[in-house]
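# Inside the fold
Okay, here's what each chain looks like letter by letter:
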Amino acid sequence: MVVNDSLCCDRQMICTFISGGVLVVALLLVDAYTVVRAEMPAGKSLYENNCVVCHGHDGEGAMPGVRSMISNRLWTKQSDQELVAMIINGVESTDGPVSMPPKGGNPALTEEQIHSIVNYLRILVDNN
Ligand code: HEC
């Protein structure tokens, strides 16, 4: 009986422990989801307004000399900070007549806004 009792108690503790763990994981997921969702609208509309002319809605490139950001993913290896700096400075085209002007040609873009565009670009690439 004593053995049974302590077994029962152990089980209960394990159960409580596991359900607590599940709750923590669920909360973390909700948290991560909220962060992604919060980034989406700002970064997306900024991308649509400033970058789509050359890069296209899907990032595949909308004019000659702008390669696809989806099939060429080398750029994604750079850190957020490096990408933000690159976008601020502009990009020389490697294989076409069009180069990317600093901030895509919109000097009003802030570093924070460019950060959210970078977050959106990572989501765009991950989903394609
Ligand atoms: C006037 C056209 C133009 C605009 C507007 C523009 N880009 Fe670009 N972008 C380019 C060109 C050209 C390249 C170089 C592509 C190449 O070498 O094939 C480039 C490269 C890039 C790269 C590197 C991709 C790679 O394949 O190495 C990123 C990231 C990028 N642009 C982001 C942006 C963002 C974000 C915006 C909006 C703020 C933007 N661009 C606006 C023309 C443009």
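Residues numbered from 1 in each chain as written. Predicted model: local features only at pLDDT ≥ 70, side-chain atom pairs only at ≥ 80, totals over all residues.

## So, the overall build of the protein chain
Within the protein chain, the secondary structure is distributed over four helices and zero strands. Counting helices and strands in the order they occur from the N terminus, the protein chain gives α-α-α-α. Within the protein chain, the fraction of its 128 residues that count as buried is 15%. The contacts of the protein chain with a sequence gap of at least 6 include a subset with a gap of at least 24, amounting to 61%. (Helix = DSSP H or I, 4+ residues; strand = E, 2+ residues; numbered from the N terminus. Buried ≥ 20, exposed ≤ 12 C-beta atoms within 10 Å, placed from the backbone. Contact = placed C-beta atoms within 7 Å.)

## Some points on the site of the ligand
As a structural note, the neighbourhood of the ligand is formed by 25 residues, with Cys51, Cys54, Arg67, Met100 and Gly104 the closest of them. When contributions to the shell around the ligand are tallied by element, the ones reaching two or more residues are α2 (52-55) and α3 (80-89). No other element matches the three residues that α2 contributes to the shell around the ligand. Of the residues in the shell around the ligand, the class split is 13 nonpolar, nine polar and three charged. (Near = placed C-beta within 6 Å. Nonpolar A, V, L, I, M, F, W, Y, C, P; charged D, E, K, R; others polar.)

## Observations concerning the environment of His55
On the secondary structure map, His55 appears in helix α2. In this structure, the C-alpha to C-alpha distance between His55 and Ser68, residues 13 residues apart in sequence, is 7.5 Å. Setting aside residues up to four positions removed in sequence, His55 forms contacts with Gly61, Ala62, Val66 and Met69.

## As for the environment of Glu111
Here Glu111 is to be found in helix α4 (residues 111-126). Separated by 27 residues in sequence, Glu111 and Val84 have C-alpha atoms that sit 7.1 Å apart.

## Overview of the packing of α3 against α4
Two elements in contact, α3 and α4, have axes whose closest approach is 9 Å; the angle formed by their N-to-C orientations is 115 degrees. Between α3 and α4 the crossing geometry is right-handed. In this structure, α3 contributes Asp80, Leu83, Val84, Ile87 and Ile88 to the contact, and α4 contributes Glu111, Ile114, His115 and Val118. Here the residues of the contact of α3 with α4 are counted per class, giving six nonpolar, one polar and two charged. (Axes fitted to C-alpha atoms, helices over the stretch in contact; angles between N-to-C directions. Left-handed = near helix turned anticlockwise from the far one by under 90°.)

## Observations regarding α4
Between its terminal C-alpha atoms α4 stretches 23 Å, which fits the 22 Å expected from 16 residues at 1.5 Å a residue. Every buried residue belonging to α4 is among Ile114, Ser116, Ile117, Val118, Asn119, Tyr120 and Leu121, and all of these are buried. (Expected span 1.5 Å × (residues − 1).)

## Considerations on the nonpolar core
Judged by nonpolar contacts, Tyr47, Cys51, Met69, Leu83, Ile87, Ile114, Ile117, Val118, Tyr120 and Leu121 together constitute the single largest core of 10 residues. Mapped onto this core, the elements with two or more residues apiece are α3 and α4. If one sorts the elements of this core by residue count, α4 sits on top with five residues. Discounting chain neighbours no more than four positions away, the residues touching Cys51 are Gly104 and Ile117. (Core = buried A, V, L, I, M, F, W, Y, C linked by C-beta atoms within 7 Å.)

## A look at unusual backbone geometry
As a rule of thumb, non-glycine residues mostly have phi less than zero, and peptide bonds are mostly trans rather than cis. Of note in this structure, Lys103 is not a glycine but carries a positive phi near 55 degrees. Among the structural elements, Lys103 can be located in the loop between α3 and α4.

## Section: the confidence of the model for the protein chain
The predicted model of the protein chain averages 84 in pLDDT, with 69% of residues at 70 or higher. Ranking the elements of the protein chain by mean pLDDT puts helix α1 (residues 2-50) last with 68 and α3 first with 98. (pLDDT = per-residue confidence, 0-100.)

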